[in-house]
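A closer look at the structure
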Amino acid sequence: MAALLLSPGSQLSVWSLLAAGLIAAGVAVARRPGRSLRIRALIRAMFPRHRLFSASAMTDLCFTLMAIFVTAALIGWTILSHLAISRWVEEMLGSPLALGVPAGLAVAAMTVVLWVSYEFAYWLDHYLSHKWAWLWAFHKVHHSAETLSPLTVFRVHPVDSIVFYNIVAVMTGVAAGVMHWFMGAGVSAWTIGGANILTVAALLTVKHLHHSHAWIAWDGRVLLSPAHHQVHHSVAVEHHDRNFGDMLGVFDWLAGTLYQPGRKREPLTFGVEGVKDPHSVTGALIEPFADAATALCAKPVPTLSPQ
């Protein structure tokens, strides 16, 4: 539990949550130049009671507790091994080139390549989870949140997690194997608390604000802002299937799925239509299996070929 709360690379790190809060507060103050902002009013704006104690927020909390105490133990054995895939790739490629890259440059390259491969895995998994009906049956549990908070990141069906972590293992394992073939097996990434230093940097800046009501927007062709992900959760038709990335926006930009939010807050409504009771055990954990089975068994609708 101590590592979960204190490790910089943890999704529940008190340091990253505190940093996100300070950034949100700083942005709120900066938007009121020359005008005073009382601490009490700032706290109410950052932690509105109607969000903190909503049914959606309570469900987020339950999913967080499940992720801490249950999910990891249940799905750990279903995840492919990043190291095993990396070694398999190295064996397939044969004798390493060992290009003799300076140690510091090699470590920096490995750090960036592994982070980018993770970001691509995130984008690909997210894209498929919206495009394939049986995957959407599980992924829509995350989108059923009607209010967003840093805990919404844990509002994920276990099957959704299994698919995600296996895609990550494949992508990062292949990337690591190729990099080891180029530079030697001893090269590793810079880490803090076992996490890629670039991942830690994201956690200590704006990643927690992606699931929040803090509207911070910028051009997302390289890095996605919190507003980009908030738009992704919107029920508006123009926001559907947009902004699939985690931190990197380049894959959405290249794929044509990038939606650029404006600096001014857009009115957004969150949730998923057609979910009977998204905040119950049945609606959040059991019904997705039935929906996935229905999607897998559904016959494709025939289309008329052009005359």
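For the structure, check the block above.
These lines cover the structure that appears in this document, whether it is placed above or below.

**So, helix α9 (residues 158–183)**
Between its terminal C-alpha atoms α9 stretches 36 Å, which fits the 38 Å expected from 26 residues at 1.5 Å a residue. The buried fraction of α9 is high, at 19 of 26 residues. Once α9 finishes, G184 follows within two positions and takes phi at roughly 110°, a positive value.

**Notes on the pattern of salt bridges**
Charged atoms that come close allow side chains of opposite charge to pair. Overall, the coordinates contain 5 salt bridges when judged by the stated rule. In this structure, D291 and K140 form a salt bridge, with 3.0 Å as the shortest nitrogen-oxygen distance. Linking D291 in helix α13 (residues 281–297) with K140 in helix α8 (residues 133–143), this pair joins segments that are 151 residues apart in sequence. Since its relative accessible area comes to 30%, D291 is described here as partly exposed. We classify K140 as buried; its relative accessible area is 14%.

**Things to note about the environment of L114**
Residue position: L114 is located in helix α7 (residues 103–131). On the accessibility criterion, L114 (17% relative accessible area) is buried. In the structure, L114 is positioned 57 residues away from M171 in sequence and 8.7 Å away in space, judged by C-alpha atoms. Ignoring anything within four residues of it in the chain, the contact list for L114 reads H82, T172, A175, A176, A189 and N196.

**Here's the deal with the packing of helix α6 (residues 82–93) against α9**
For any two helices packed against each other, the geometry comes down to the angle between their axes and how far apart the axes lie. Two numbers describe how α6 lies on α9: the axes approach to 7 Å, and their chain directions differ by 40°. Judged on the interaxial angle alone, α9 and α6 are oblique. In terms of crossing hand, the pair formed by α6 and α9 is right-handed. Residues H82, I85, S86, V89, E90 and L93 of α6 touch α9, and the partners they reach there are A169, V170, T172, G173, V174, A176, G177, V178, H180 and W181.

**With respect to the packing of α7 against α8**
The contact between α7 and α8 brings their axes to 6 Å, and the two run at 105°. Accordingly, the angle class assigned to the pair α7 and α8 is roughly perpendicular. From α7, H126, L128, S129, H130 and K131 reach across to α8, where they touch A133, L135, W136, H139 and H143. A breakdown of the residues in the contact of α7 with α8 according to their chemical character gives 4 nonpolar, 5 polar and 1 charged.

Conventions we followed
- Residues numbered from 1 in each chain as written.
- Predicted model: local features only at pLDDT ≥ 70, side-chain atom pairs only at ≥ 80, totals over all residues.
- Heavy atoms only, no water.
- Helix = DSSP H or I, 4+ residues; strand = E, 2+ residues; numbered from the N terminus.
- Expected span 1.5 Å × (residues − 1).
- Buried < 20%, exposed > 50% of the residue type's maximum accessible area, 1.4 Å probe, protein only.
- Salt bridge = Lys/Arg side-chain N within 4 Å of Asp/Glu carboxyl O.
- Contact = heavy atoms within 4.5 Å.
- Axes fitted to C-alpha atoms, helices over the stretch in contact; angles between N-to-C directions.
- Parallel < 35°, antiparallel > 145°, perpendicular 65-115°, else oblique.
- Left-handed = near helix turned anticlockwise from the far one by under 90°.
- Nonpolar A, V, L, I, M, F, W, Y, C, P; charged D, E, K, R; others polar.

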